[in-house]
Amino acid sequence: ILNVEQSPQSLHVQEGDSTNFTCSFPSSNFYALHWYRWETAKSPEALFVMTLNGDEKKKGRISATLNTKEGYSYLYIKGSQPEDSATYLCAQGTGGFKTIFGAGTRLFVKA
Amino acid sequence: GAGVSQSPSNKVTEKGKDVELRCDPISGHTALYWYRQSLGQGLEFLIYFQGNSAPDKSGLPSDRFSAERTGGSVSTLTIQRTQQEDSAVYLCASSFLASLHNEQFFGPGTRLTVL
C-alpha cells in the first residue's frame, strides 16, 4: 500500500523567515513527484514535477529537491511572505496513472 | 474555457438522497480525474478517464459512487443514497494527457454536506 506522508502538518513562521517541509514516499514503483500549492478558496496549482533522482527545481523563492533512492523530497521557501500562506501538497505518480497525494503541510506566514 | 469549472460550488443534501456533481475540463485535455478531500485528510483519488479508454474506477469507495464522461469532455460524478461520511470537497482535475509527469489543472471543487 502506497503512503505519501508530509511533515510538519502545519507551520507558523514570521515574514522573512526561510522554511522547508518534507514529503516522504515509497521509493519502489516511483514515476514522478509533484508539488502543488493550495490557497484557501482557490484550486490547487502545480509548482513542480520531478522525475529523476537528484532533480532540483526552482520558481522564484520556492525550490524543491528529490531523492528517489531514499524516498523523500524537500520544498524550500526563502524569505516567506504572507502570500505564501497555503497548503502545500506533494503527490507521487505511480503505475496506472494514479497520483497519490499526501495530507499536505499548511503554512501560515505572519506579517 | 479558461480553466476547469465545477458545479455546484456547494451542495447540502439529506442522507439518502442522490447527488450529481459536474466537471467541465479544459478544452483539449484528454485526461480527467476526480478526487475528494474529507476533513483533515489528503486528496483521495476516486476515478480517472483517459480519452475513450475504460475509466480507472479503482478509487471509488463504494458502488454508490459512479461517474461518466460524455463525448470526452464533461464529466458527472453521481453519489446515490448519500451518507454523512460522503461529506467532503470533491475536486476535478484535467490534464493534456494521462501521464504521471503531466501537470493536473484543478477546478474550484464542490463542497458536499450530507445532513
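The sections below set out a description of the structure shown in this document. (Residues numbered from 1 in each chain as written. Chains lettered and ligands numbered in written order. Predicted model: local features only at pLDDT ≥ 70, side-chain atom pairs only at ≥ 80, totals over all residues. Heavy atoms only, no water.)

**Some details on the overall build of chain A**
Alright, step 1. Broken down by element type, chain A carries zero helices and eleven strands.
Alright, step 2. Walking chain A from its N terminus toward its C terminus, one meets helices and strands in the order β-β-β-β-β-β-β-β-β-β-β.
Alright, step 3. Here chain A has a C-alpha radius of gyration of 13 Å; the compact-globule value for 111 residues is 13 Å, and the two agree.
Alright, step 4. The buried share of chain A, reckoned over its 111 residues, is 47%.
Alright, step 5. Taking the contacts inside chain A whose residues are at least 6 apart along the sequence as the reference set, 53% of them involve residues at least 24 apart.
Alright, step 6. Once the 11 positive and 10 negative side-chain charges of chain A are each reduced to a mean point, those two points are 3 Å apart. (Helix = DSSP H or I, 4+ residues; strand = E, 2+ residues; numbered from the N terminus. Rg over C-alpha atoms; globule rule 2.2 N^0.38 Å. Buried < 20%, exposed > 50% of the residue type's maximum accessible area, 1.4 Å probe, protein only. Contact = heavy atoms within 4.5 Å. Lys, Arg positive; Asp, Glu negative; His and termini not counted. Charge placed at Lys NZ, Arg CZ, Asp CG, Glu CD.)

**Observations concerning the interface of chain B and chain A**
Alright, step 1. Counting residues at the interface gives 21 residues for chain B, matched by 21 residues for chain A.
Alright, step 2. Buried surface at the junction of chain B and chain A, summed over both partners, amounts to about 1700 Å²; 62% is from carbon and sulfur atoms.
Alright, step 3. Taken together, the links from chain B to chain A amount to four residue pairs in polar contact (both at pLDDT 80 or more).
Alright, step 4. Mapped by element, the contributors of at least two residues to the side of chain B that touches chain A are strand E4 (31-37) and strand E5 (43-50) of chain B.
Alright, step 5. Of the residues that constitute the side of chain B that touches chain A, the class distribution is ten nonpolar, nine polar and two charged. (Buried area = accessible area lost by both parts, 1.4 Å probe. Polar contact = N/O pair within 3.5 Å; in protein donor to acceptor, adjacent residues only side chain to side chain. Nonpolar A, V, L, I, M, F, W, Y, C, P; charged D, E, K, R; others polar.)

**A short note on the state of the cysteines**
A covalent bond bridging the sulfur atoms of two cysteines is what the word disulfide describes.
Alright, step 1. One pass over the full model with this rule turns up two disulfides over all chains.
Alright, step 2. Between the sulfur of Cys23(A) and that of Cys90(A) lies a disulfide, 1.9 Å long from S to S. On the S-S bond that ties Cys23(A) to Cys90(A), the torsion sits near 70°, and the link is right-handed. Remark: Cys90(A) occurs in strand E9 (residues 86-93) and Cys23(A) occurs in strand E3 (residues 19-24); sequence separation between them is 67 residues.
Alright, step 3. Each sulfur in the disulfide pair Cys23(B) and Cys92(B) lies 1.8 Å from the other. Looking along the S-S bond of the Cys23(B)-Cys92(B) disulfide, the torsion reads about -60°, which is the left-handed sense. Residue Cys23(B) is found in strand E3 (residues 19-24), and its partner Cys92(B) is found in strand E8 (residues 88-95); the two are separated by 69 residues along the sequence. (Disulfide = S-S within 2.5 Å.)

**Here we look at the layout of surface pockets**
Residue and element names in this part refer to chain B.
Alright, step 1. Each pocket or cavity is described by its volume, and for the largest pocket that value is around 790 Å³.
Alright, step 2. Of all the secondary-structure elements, those providing two or more residues to the lining of the largest pocket are E8 and strand E10 (110-114).
Alright, step 3. With four residues, E10 is the single largest residue contributor to the lining of the largest pocket. (1 Å grid on protein atoms, 1.4 Å probe; cavity = no way out; pocket = protein on both sides within 12 Å on 5 of 7 lines; lining within 4 Å. Points joined across faces, edges and corners; volume = space filled by probe spheres on them.)

**Observations regarding the sheet that holds strand E1 (residues 5-7) of chain A**
Whenever strands of a sheet pair, they do so through backbone hydrogen bonds, lying parallel or antiparallel.
All names here are of chain A.
Alright, step 1. One open sheet accounts for five strands, arranged E1-E3-E8-E7-E6; its pairing is antiparallel. Each edge of the open sheet is held by one strand with a lone partner, namely E1 and strand E6 (56-59). This sheet shows a mean twist of 15° between the axes of neighbouring strands, independent of strand direction.
Alright, step 2. With six bridges joining them, E3 and strand E8 (residues 72-77) adopt antiparallel strand pairing. Bridge assignment links cysteine 23 to a residue of E8, and that residue is serine 73. (Pairing = 2+ DSSP bridges. Axes fitted to C-alpha atoms, helices over the stretch in contact; angles between N-to-C directions.)

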